[in-house]
Amino acid sequence: MKYRYCYHCGTRTVGKQIDGRLRDFCKNCQLPLYENPIPSVAVVVANQPGELLLVRRGVEPGIGEWCLPGGFIEIGETPQEAAVRELKEELGIDIQNPQLLDVGSHINGYYGDVLIIGFTLQIDDNLKIIPGDDVTEAVYFSIENRPDLVFRVHEDFLNTWLANRKNNE
Ligand SMILES: [Zn+2]
């Protein structure tokens, strides 16, 4: 239950059981106000030898912890465009072709429920990395010596990426 006021007309909402869930309901509009997960992206970035480029978070949630680069999809963006923008903002790299990897969910977190679309990207070893918005470091790690990622779904994406890689060997 998230909306105290209707986002169409501003009327105070009431709780109403609809389709087996207690939902915010606007009596004026006669509409339930649905809540949905927020779409975001994350990218498994690896270099030619298969080292992973991870970022240390400079903001909550998980400040100071490691994760995949990524962030929320903005209005007017496709998931691919969001991934390209986030890579530019967080790593300072300008690369246009992230490949779809997997989809996952983070339920009931800092921002509520988040839907995460995972991408992969292979980059050249000599590409200059400049850590930017929301991150304090960007570092290559071998698979064996990488830190744990603060988000479960990012770990899942890494596991999918590793399994795909094994299958292609
Ligand atoms: Zn309304």
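Just so it is clear, the model here is predicted, and its values are computed rather than measured.

Enquirer: Sorry if this is basic, but what is going on with the overall build of the protein chain here?
Expert: Across its full length, the protein chain carries two helices and ten strands. Mapped in sequence order, the helices and strands of the protein chain form the string β-β-β-β-β-β-β-α-β-β-β-α. The principal-axis extents of the C-alpha atoms in the protein chain amount to approximately 60 × 30 × 30 Å. Buried positions account for 39% of the 169 residues belonging to the protein chain. If you take every contact in the protein chain between residues at least 6 apart in sequence, the share linking residues at least 24 apart comes to 60%. The centroid of the 16 positive side-chain charges in the protein chain is displaced by 10 Å from the centroid of its 25 negative side-chain charges.

Enquirer: Is there a simple way to explain the sheet that holds strand β3 (residues 31-33) in this structure?
Expert: Strands pair in a sheet through their backbones, by hydrogen bonds, and they do so in one of two ways: parallel or antiparallel. Reading across the sheet, the three strands line up as β1-β2-β3 and stay open at both edges, with antiparallel pairing between neighbours. Every interior strand has two partners, whereas the edge strands, β1 (14-18) and β3, have only one. Each adjacent strand pair in this sheet contributes to an overall mean axis angle of 55°, direction not counted. The sheet contact formed by strand β2 (residues 21-26) and β3 spans three bridges and is antiparallel. Bridged to Asp24 within β3 is Leu33.

Enquirer: Got a minute to help me understand the side chain of Arg146 in this structure?
Expert: Mapped onto the elements, Arg146 comes out in the loop between β10 (135-141) and α2 (152-168). Polar side-chain contacts of Arg146 include one of 2.8 Å to the side chain of Glu155. When near neighbours in sequence (up to four residues on either side) are disregarded, Arg146 contacts Leu52, Leu54, Phe141, Glu155 and Leu158.

Enquirer: It is not clear to me how the domain arrangement of the protein chain should be interpreted in this structure. Could you clarify?
Expert: Reports often express the size of an interface as the amount of accessible area lost when the parts come together. Its domain assignment divides the protein chain into domain 1 (1-35) and domain 2 (38-168). When each unit is reduced to the centre of its C-alpha atoms, the spacing between domain 1 and domain 2 is 35 Å.

Enquirer: I'm lost on the nonpolar core in this one. Help?
Expert: Most often, soluble globular proteins keep nonpolar side chains buried together rather than apart. Judged by nonpolar contacts, the single largest core of 36 residues is most densely connected at Val44, Leu68, Leu91 and Phe157. Elements supplying a minimum of two residues to this core: β4 (38-47), β5 (52-57), β6 (66-67), α1 (79-91), β9 (112-123), β10 and α2. When residues no more than four places from it in sequence are discounted, the contact partners of Val44 are Leu52, Leu68, Leu101, Phe119, Thr120, Leu121, Phe157, Leu158 and Trp161.

Enquirer: Would you mind showing me how to read the packing of aromatic side chains here?
Expert: By the definition in use, this model includes four aromatic pairs. Geometrically, the ring pair formed by Trp66 and Phe141 is edge-to-face, given 5.0 Å between the ring centres and 85° between the ring planes. One end of the pair, Trp66, is in strand β6; the other, Phe141, is in strand β10, and 75 residues separate them in sequence. Accessibility assignment for this pair places Trp66 and Phe141 in one class, buried. Connected via pairs of aromatic rings, a cluster forms that spans Phe72, Tyr110 and Tyr111. Directly above the aromatic system of Tyr5 lies the positively charged group of Arg12, at a separation of 5.4 Å from the ring centroid.

Cut-offs and rules
Residues numbered from 1 in each chain as written. Predicted model: local features only at pLDDT ≥ 70, side-chain atom pairs only at ≥ 80, totals over all residues. Heavy atoms only, no water. Helix = DSSP H or I, 4+ residues; strand = E, 2+ residues; numbered from the N terminus. Buried < 20%, exposed > 50% of the residue type's maximum accessible area, 1.4 Å probe, protein only. Contact = heavy atoms within 4.5 Å. Lys, Arg positive; Asp, Glu negative; His and termini not counted. Charge placed at Lys NZ, Arg CZ, Asp CG, Glu CD. Pairing = 2+ DSSP bridges. Axes fitted to C-alpha atoms, helices over the stretch in contact; angles between N-to-C directions. Polar contact = N/O pair within 3.5 Å; in protein donor to acceptor, adjacent residues only side chain to side chain. Domains from an automatic or database assignment. Core = buried A, V, L, I, M, F, W, Y, C linked by side-chain atoms within 4.5 Å. Phe/Tyr/Trp six-rings, centres within 6.5 Å; stacked < 30°, edge-to-face > 60°. Lys NZ or Arg CZ within 6 Å of the ring centre and 35° of its normal.

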